[in-house]
Amino acid sequence: VHYSNGDDIKFFARVELGRSGGIPDVAAFTIILYCLFIVTFWNSKQESEALILIASGMISFFSINPYLIQLVYWRIHMIEKQRR
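Worth saying up front: this structure is predicted, and the values here are computed from it rather than measured.

K.L.:
Outline the overall build of the chain, listing residues and values.
P.N.:
Across its full length, the chain holds three helices and zero strands. Traced from its N-terminal end to its C-terminal end, the chain shows the element sequence α-α-α. Relative to its length of 84 residues, the chain is extended, with a C-alpha radius of gyration of 18 Å against a globular reference of 12 Å. Structurally, the chain occupies a C-alpha span of about 60 × 25 × 20 Å along its principal axes.

Structural data, given as structure tokens:
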């Protein structure tokens, strides 16, 4: 059984928030997509609120999904590395 401590959180922050980490890339990609989304629906009709909510949810899902998939592989890699 592995118990977490402050070193684990520091390691995760150093790896994921660093220059080659996944979180800054996901944040930048999400910001770019939402900017394009705002420009697209800037002068939309008042009846298109549902479309805007659905599009916003799709952007959120497809922005975070690659990171979540990568995170699973990262955990597996860390577990295998720990066993060695």
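Still more to cover.
K.L.:
So what's going on with the environment of Pro24? Residues and values would help.
P.N.:
Within the secondary structure layout, Pro24 lies in helix 2 (residues 22-40). The exposure class of Pro24 is partly exposed, given its relative accessible area of 32%. Sequence spacing of Pro24 and Glu49 is 25 residues, and the spatial spacing of their C-alpha atoms is 30 Å. Setting aside chain neighbours within four positions, we find Pro24 in contact with Glu16, Leu17 and Gly18.

K.L.:
An account of the packing of helix 1 (residues 6-16) against helix 3 (residues 49-83) is requested, with residue identities and associated values reported.
P.N.:
Put simply, helix 1 and helix 3 touch, their axes get as near as 14 Å, and they point 130° apart. With respect to helix 3, the axis of helix 1 lies oblique. Here the hand of the crossing between helix 1 and helix 3 comes out right-handed. Packed against helix 1, whose contacting residues are Phe11, Phe12, Val15 and Glu16, the element helix 3 presents Tyr67, Leu71, Trp74 and Met78 at the interface.

K.L.:
Explain helix 2 to me, and be specific about the residues and the numbers.
P.N.:
For an α-helix the count is 3.6 residues per turn, leaving residues at separations of three or four pointing the same way. Between its first and last C-alpha, helix 2 extends 27 Å over 19 residues, near the 27 Å set by a 1.5 Å rise per residue. All of the buried residues along helix 2 are Gly22, Val26, Thr30 and Phe37. For helix 2, the angular spread of the buried residues around the axis is 55°, confining them to a single face. Residues Asp25, Ile31, Ile32, Leu36 and Val39 are exposed on helix 2 and point more than 90 degrees away from its buried face.

What counts and what doesn't
Residues numbered from 1 in each chain as written. Predicted model: local features only at pLDDT ≥ 70, side-chain atom pairs only at ≥ 80, totals over all residues. Heavy atoms only, no water. Helix = DSSP H or I, 4+ residues; strand = E, 2+ residues; numbered from the N terminus. Rg over C-alpha atoms; globule rule 2.2 N^0.38 Å. Buried < 20%, exposed > 50% of the residue type's maximum accessible area, 1.4 Å probe, protein only. Contact = heavy atoms within 4.5 Å. Axes fitted to C-alpha atoms, helices over the stretch in contact; angles between N-to-C directions. Parallel < 35°, antiparallel > 145°, perpendicular 65-115°, else oblique. Left-handed = near helix turned anticlockwise from the far one by under 90°. Expected span 1.5 Å × (residues − 1). Arc of directions from axis to C-beta.

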